[in-house]
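Coordinate analysis (summary)
If you want the building blocks of each chain, they are given just below.
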Amino acid sequence: MAKDPLAEAGLHFDELNKLRVLEPDVSQKTTELKEECEDFVDKIGQFQKIVGGLIELVDELAKEAETEKMKVHSCILNNLQCRFVMFIYITSVIILQAIGARNLLKSVEKQREAQQQQLQALIAEKKMQLERYRIEYEALQKVEAEQNEFIDQFILQK
């Protein structure tokens, strides 16, 4: 099967019959990377909503704990020891919830940073590949020019 001279020159037609310098598979991979980035941004948005809900939940729990604390205080005003124990219990619950929320946020942040590093590495790899293709294209253009010059000289000698 004869090779397409445009493809050999590094030129390609896309699905809309527009002339492109980028190979279709490289273009497709670039599009896929863009879609993956958009998905990542959407997931980060969802994560921020979840974290917002978690923070609201922790605030509600803190308010409920304060309400319960006030109920206990009104019921046991004369018993200082019970109030102290209740205060310690409520405080420890709130602290544990805050620690859990903070640990969750740190974990998700580390995951996001790792994902971002992976995407940056992929972008760097694609840039290097594009540079290799550009150098190869320039080298092929030189070879083509040399071959055309040789053909022209050969024709002139006849």
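Residues numbered from 1 in each chain as written. Predicted model: local features only at pLDDT ≥ 70, side-chain atom pairs only at ≥ 80, totals over all residues. Heavy atoms only, no water.

**So, the overall build of the chain**
Stated formally: In DSSP terms, a helix is any run of H or I states spanning at least four residues, a strand is any run of E spanning at least two, and both are numbered starting from the N terminus. Buried, partly exposed and exposed residues are distinguished by accessible area as a fraction of the type maximum, computed with a 1.4 Å probe on protein chains only: under 20%, between the cut-offs, and over 50%, respectively. Between two residues, a contact is recorded if the distance between any of their heavy atoms is within 4.5 Å. Residue-level accessible areas treat just the shown protein chains as cover; the underlying method is Shrake-Rupley with a 1.4 Å probe.
On a plain count of helices and strands, the chain comes out with three helices and two strands. When the elements of the chain are put in sequence order from the N terminus, they spell out α-β-β-α-α. For the chain, the proportion of its 158 residues judged to be buried stands at 10%. Long-range pairs, those at least 24 residues apart, make up 50% of the contacts in the chain with a sequence separation of at least 6. When the accessible surface of the chain is split by element, carbon and sulfur atoms take 60% of a total near 13,300 Å².

**A look at the pattern of salt bridges**
As a reminder, the rule being used: Salt bridge criterion: a side-chain nitrogen from Lys or Arg within 4 Å of a carboxyl oxygen from Asp or Glu.
In this structure the tally under the stated criterion is two salt bridges. Its salt-bridge partner being Arg 134, residue Glu 131 comes within 2.2 Å of it at the nearest N-O pair. Taken together, the positions of Glu 131 and Arg 134, both in helix α3 (residues 80-157) and three residues apart, correspond to about one turn of that helix. Classification of Arg 134 by relative accessible area gives partly exposed; the value is 37%. Measuring nitrogen to oxygen at the nearest pair gives 2.4 Å for the salt bridge that ties Arg 134 to Glu 138.

**Describing the packing of aromatic side chains**
Test applied: Ring pairs are drawn from Phe, Tyr and Trp, using the six-membered ring of Trp, whenever the two centres fall within 6.5 Å, and their geometry is named by plane angle: stacked under 30 degrees, edge-to-face over 60, tilted for the rest.
Tallying each qualifying case throughout the model produces one aromatic pair. For the ring pair Phe 150 and Phe 154, a centre distance of 6.4 Å and an interplane angle of 20 degrees mean the geometry is stacked. With Phe 150 and Phe 154 both in helix α3, this residue pair falls four residues apart, about one helical turn.

**A short note on a negative patch on the surface**
Put simply, the test is: Residues with no salt bridge and a relative accessible area higher than 30% make up the patches, which join like charges within 9 Å and nonpolar side chains (Val, Leu, Ile, Met, Phe, Trp, Tyr) within 5 Å. Charge assignment: positive for Lys and Arg, negative for Asp and Glu; neither His nor the chain ends contribute. Taken as the charge location is NZ of Lys, CZ of Arg, CG of Asp or CD of Glu.
Residues Glu 32, Glu 35, Glu 36, Glu 38, Asp 39 and Asp 42 make up a contiguous surface patch of negative charge. Tracing the sequence through the fold places Asp 39 in helix α2 (residues 24-75). The class of Asp 39 is partly exposed, set by a relative accessible area of 45%.

**Observations concerning a nonpolar patch on the surface**
The grouping of Phe 84, Val 85, Phe 87 and Ile 88 at the surface amounts to a nonpolar patch, some 390 Å² of accessible area in total. Relative to the helices and strands, Ile 88 resides in helix α3.

**Some details on the confidence of the model for the chain**
Residues shown with low pLDDT carry predicted positions that ought not to be read at fine detail. Put simply, the rule is: The pLDDT value tells you how sure the predictor is about a given residue, anywhere from 0 up to 100.
Summary statistics for the chain give a mean pLDDT of 82 and a share of 85% for residues scoring 70 or more. When the elements of the chain are averaged for pLDDT, helix α1 (residues 5-8) gives the smallest value, 69, and α3 the largest, 88.

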